[in-house]
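Results of the structural survey
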Amino acid sequence: MSSSYVDNCLASVQTQSELDRVIDVATEIMAERKFDLRGWEHSNPSDPIASPTNVLGMIWDRHCDTLSLNIPDLRELMEEKSQIGWDQEVDIKTRQDFLKWQKELEYLKHVQVPRWLHCDSGFQHISLHFFCDASKLAYSAVVFLRVDIGSTVHRQLVQSKTRITPCGKKETTIARLELLGASYLLVFLQLS
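Keep in mind it's a predicted model, so treat the numbers as computed, not measured.

Quick notes on the rules
Sequence order as written defines the numbering, with residues in each chain counted from 1. pLDDT decides what is reported in this predicted model: residues at 70 or higher carry local features, side-chain atom pairs at 80 or more are listed and counted, and totals for whole chains, interfaces and linings draw on all residues regardless. Side-chain measures here rest on the full set of heavy atoms in the structure, leaving out hydrogens and waters. Paired strands, as defined in this entry, are two strands with at least two bridges between them according to DSSP. Secondary structure elements follow DSSP: runs of H or I no shorter than four residues count as helices, runs of E no shorter than two count as strands, and numbering proceeds from the N terminus. Grouping into patches uses exposed residues only, defined as over 30% relative accessible area, and leaves out salt-bridged ones; the cut-off is 9 Å for like charges and 5 Å for nonpolar side chains (Val, Leu, Ile, Met, Phe, Trp, Tyr). Only the protein chains shown count as covering a residue, and every accessible area follows the Shrake-Rupley method with a 1.4 Å probe. When a carboxyl oxygen of Asp or Glu lies within 4 Å of a side-chain nitrogen of Lys or Arg, that pair is called a salt bridge. For each residue, the accessible area found with a 1.4 Å probe, counting protein chains only, is set against the maximum for its type, and the residue is called buried under 20%, exposed over 50%, and partly exposed in between. Every angle, taken between N-to-C directions, lies between 0 and 180 degrees, and every axis is a line fitted to C-alpha atoms, over only the stretch in contact when it is a helix.

As for the pairing of strand β8 (residues 138–149)
As judged from the ten bridges shared by strand β7 (residues 125–134) and β8, these two strands associate in the antiparallel manner. Residue I126 lies in a different strand from β8, and its bridge partner there is V147. The turn joining β7 and β8, which pair antiparallel and follow one another in sequence, is formed by three residues. In this sheet, strand β9 (residues 152–164) lies alongside β8 in antiparallel orientation, the contact comprising twelve bridges.

And the structure:
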């Protein structure tokens, strides 16, 4: 049940027979409790016509087995912002900066994160790499997975967290912000 999220369940299996077993067992268990499981979807890299689908608010490309952000068409939003209908109009610089930022959001549609981490129990060279950093504006932490498979190396983002530097009367030092970023690494370790 650790892979269940409200009305979605995400799980990984190695073979078609394992998939069939998971479907049968999950359907049977949930049917005993009067839940009707349906709408099963799975990835299959050998299926060239596997169409993308929505999972947990993201787009799952079932052929490549990657997740990407489900970004609405921002052109409509840009047109709506260009006709500001509220009490007052923003200044030209703010408007230009906002519209530039809004156009750059389109690039998020092209970010794809592989869902599978390329690590099975048979691999011997698996390592997690943790990084944290800070500036006067923000601090962050990130975890990458590295898997060596023969002469091939797979690297993948596992988790990241970024926060804006807190504002207040007292300026926060970069060293303190780096410690805040490192505190996320402790959370990541507890989750892994």
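What to know about a nonpolar patch on the surface
There is a patch of nonpolar side chains on the surface, built from L69, L108, V111 and V113 and spanning about 270 Å² of accessible area. With respect to the helices and strands, V113 occurs in strand β6 (residues 112–114). Judged by relative accessible area, V113 falls into the partly exposed class, the value being 33%.

A short note on the environment of V13
Structurally, V13 can be placed in the loop between β2 (8–9) and α1 (16–32). Taking the C-alpha atoms as reference, V13 lies 9.9 Å from H42; in sequence the two are 29 residues apart.

A closer look at the sheet that holds strand β3 (residues 53–55)
Taken in spatial order, the four strands line up as β3-β4-β5-β6 in an open sheet, and their pairing is antiparallel. Looking at which strands have only one partner, the edges of the open sheet turn out to be β3 and β6. Taken over all neighbouring pairs, the strand axes of this sheet differ in orientation by 35 degrees on average, direction set aside. As judged from the three bridges shared by β3 and strand β4 (residues 58–61), these two strands associate in the antiparallel manner. Across the sheet, the residue bridging to V55 is M58, located in β4.

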